[in-house]
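Residue-level structural notes
Chain residues, written in single-letter form:
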Amino acid sequence: PILDGTVDERRVRDVTDRLGADPSGAIKVGFSGVYRYMAETEPPDDRDEDTSVHFKPKMDGLERIANVARATGTPFLVHLNGGRWAGSGPLVDRLMSDPKVMAWDRDDTPWSYPKDGEYHFSLGAYNELVRVYKKRNLQLAAKWLADFAAGPDGKLLVGVSTDSEVLVNTHPGYDYNPIVLDEFRDWLQSAEVYDPAKKGRWAGQGLNLSIRTLNERWGTTYKSWREVKPPRDRSDSAAWRDWSRFRGLLVDHNVQEQVDWIRQAGLTAVPVFAHQSPALDPDVAFDILDAAQVDGGGTGITAYGENAGNAALFAKVKAYGAPWGIFEYNPRTDDEEAALAALRTVQANGASIVCPYHWDNEGGDNEAGYTIRDTAFERALQRFVQSGRTGQLPARSNPEARHELRSLFAHRMSLL
């Protein structure tokens, strides 16, 4: 289960004591902590400008999470968050004051403050200022975790996940930032970062169009690439379809790049998972499910409500390849049997890690309505853990309500 806020031994022991242990060892109980690398890595002053060797990062949050895992002997996962849930800090606040690095709507208005608690930096490949800091801070965190994984308690670290639910924006009409429009034109013609001859990360992914073939494709009369602009209103046109496909690529590239940076920093001993929403609104947010699959890492999604037991969704995710996991999970039901059945569906589809959201109410206002402790979901988790691999479930607290489920194939799952 996720322990947002300050992780301490009391909270971790509360999880493990209440959920118990699986006698078969098929299910492991641990915890997951959140480290906001764009906010927490920075010292509380203006030294975020210093990208030299003299920069002294703060790692208090990671140290606290790892020290609690070590003291309790509990497996743990770290959610590395630096995207739309970056958290407030000197660097994040300063970046948000610069309209050039933010997502722009179709009226050319930059996202200028954390509306709804979210930070929407532009995902464009040419957003160099944000990318420099994201890479630096994420790699500092990954290097710290790599050193921990190589130490005597390294086996306790079972994985990390990337920015939670990367998308273009939750509101319609983004991202028309000029740097994104430049990249869109380059993608259409396979130039710059999409140029196969330059052998960059996204080389060969462009459409390789000429102005003539673009005009034929879109029904336009552009004379040069400088004139080309994406449409501003949704339609069934070829131009809108290309613009939509490109924005999905922005999301896909952002997630993949984080995995690349983490691996380059030396964190190779544990799985690195993406953490994407299951394409809840691809026409607005471009949260395409394909972005949950990454090279060099595991597939990861969020599953709430009906999706918590969505066998068809899990089959799609499983088809991307093992390992895969769910990094925010809550059936959001008062029906204990429904919650238990959802967990069994996850297990049957081979998930290796599940992060129930949230264990207690000590992480902030965002946990309202999602707290697990003292709910039907907690009781379902207890029965799920105690039944382990066999699927032979202990009785509910009502002794007359006994249920048997068929045996399920054996695999190890971590509840974190």
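Residues numbered from 1 in each chain as written. Predicted model: local features only at pLDDT ≥ 70, side-chain atom pairs only at ≥ 80, totals over all residues. Heavy atoms only, no water.

Let's shift gears to the side chain of Glu328. With respect to the helices and strands, the residue Glu328 is situated in strand E8 (residues 324–330). One buried charge, Glu328, has no salt-bridge partner; the nearest side chain with opposite charge is Arg84, at 7.3 Å. Within the structure, Glu328 has its side chain in polar contact with the side chain of His275 (distance 3.3 Å). The residues touching Glu328, leaving out its near neighbours within four places in the chain, are Ile2, Ser164, Glu165, His275, Ile301, Thr302, Ala303, Tyr304, Cys355 and Tyr357. (Helix = DSSP H or I, 4+ residues; strand = E, 2+ residues; numbered from the N terminus. Buried < 20%, exposed > 50% of the residue type's maximum accessible area, 1.4 Å probe, protein only. Lys, Arg positive; Asp, Glu negative; His and termini not counted. Salt bridge = Lys/Arg side-chain N within 4 Å of Asp/Glu carboxyl O. Polar contact = N/O pair within 3.5 Å; in protein donor to acceptor, adjacent residues only side chain to side chain. Contact = heavy atoms within 4.5 Å.)

It is worth spelling out the side chain of Lys134 at this point. Along the chain, Lys134 turns up in helix H5 (residues 128–149). In terms of polar contacts, Lys134 uses its side chain to reach the backbone carbonyl oxygen of Gly82, at 3.2 Å. When sequence neighbours within four positions are dropped, the list of residues in contact with Lys134 reads Tyr37, Met38, Gly82, Gly83, Gln139, Asp163 and Trp261.

What follows concerns the sheet that holds strand E6 (residues 272–273). Sheet architecture is open: five strands sit in the order E1-E3-E4-E5-E6, paired in parallel fashion. Whereas interior strands pair on both sides, the edge strands pair on one side only; in this sheet they are strand E1 (2–3) and E6. Sheet topology note: the strand E5 (residues 157–161)/E6 ladder contains two bridges and is parallel. Bridge assignment links Ser161 to a residue of E6, and that residue is Phe273. Lying on the sheet, H5 is in contact with strand E3 (31–36), strand E4 (76–81) and E5; it crosses E4 at an angle near 170 degrees. (Pairing = 2+ DSSP bridges. Axes fitted to C-alpha atoms, helices over the stretch in contact; angles between N-to-C directions.)

To continue, consider the pairing of E8. With seven of seven residues buried, E8 lies mostly within the body of the structure. In the sheet, strand E7 (residues 299–304) pairs with E8 via six bridges, with the strands oriented parallel. Residue pairing in the sheet places Thr299 in a bridge with Trp324 of E8. Taken together, E7, helix H9 (residues 311–319) and E8 constitute a β-α-β crossover, and its handedness is right-handed. Here E8 runs beside strand E9 (residues 353–356); their pairing, made up of three bridges, is parallel. The residue of E9 that forms the bridge with Tyr329 is Pro356. After leaving E8, the chain enters helix H10 (residues 336–348) and then returns to the sheet as E9, a path that is right-handed. (Right-handed = clockwise from strand over helix to strand, strands pointing away.)

Summed over the entire model, instances satisfying the criterion amount to 18 aromatic pairs. Ring geometry for Tyr176 against Trp243: centres 5.1 Å apart, planes inclined by 35 degrees, an arrangement best described as tilted. Taken together, the positions of Tyr176 in the loop between E5 and helix H6 (178–189) and Trp243 in helix H8 (residues 238–264) put the pair 67 residues apart, joining distant regions of the chain. For the pair formed by Tyr176 and Trp243, the shared burial category is buried. Ring geometry for Trp218 versus Tyr222: centroids 6.5 Å apart, planes at 70 degrees, classification edge-to-face. Taken as a pair, Trp218 and Tyr222 share a single burial class, namely buried. Aromatic rings pair up to connect Tyr176, Phe184, Trp187, Trp218, Tyr222, Trp243 and Phe246 into one cluster. Lying across the ring of Trp240, Arg247 places its NZ or CZ 5.2 Å from the centre. (Phe/Tyr/Trp six-rings, centres within 6.5 Å; stacked < 30°, edge-to-face > 60°. Lys NZ or Arg CZ within 6 Å of the ring centre and 35° of its normal.)

Looking now at the packing of H5 against H8. Relative orientation and spacing of two packed helices are given, respectively, by the angle between their axes and the distance between those axes. It is at 8 Å that the axes of H5 and H8 come closest, and there the two elements cross at 45 degrees. What the angle tells us is that H5 and H8 run oblique. For H5 against H8, the interelement crossing comes out right-handed. Contacts between H5 and H8 involve Arg131, Lys134, Lys135, Leu138, Gln139 and Ala142 from the first element and Glu257, Gln258, Trp261, Ile262 and Gln264 from the second. (Parallel < 35°, antiparallel > 145°, perpendicular 65-115°, else oblique. Left-handed = near helix turned anticlockwise from the far one by under 90°.)

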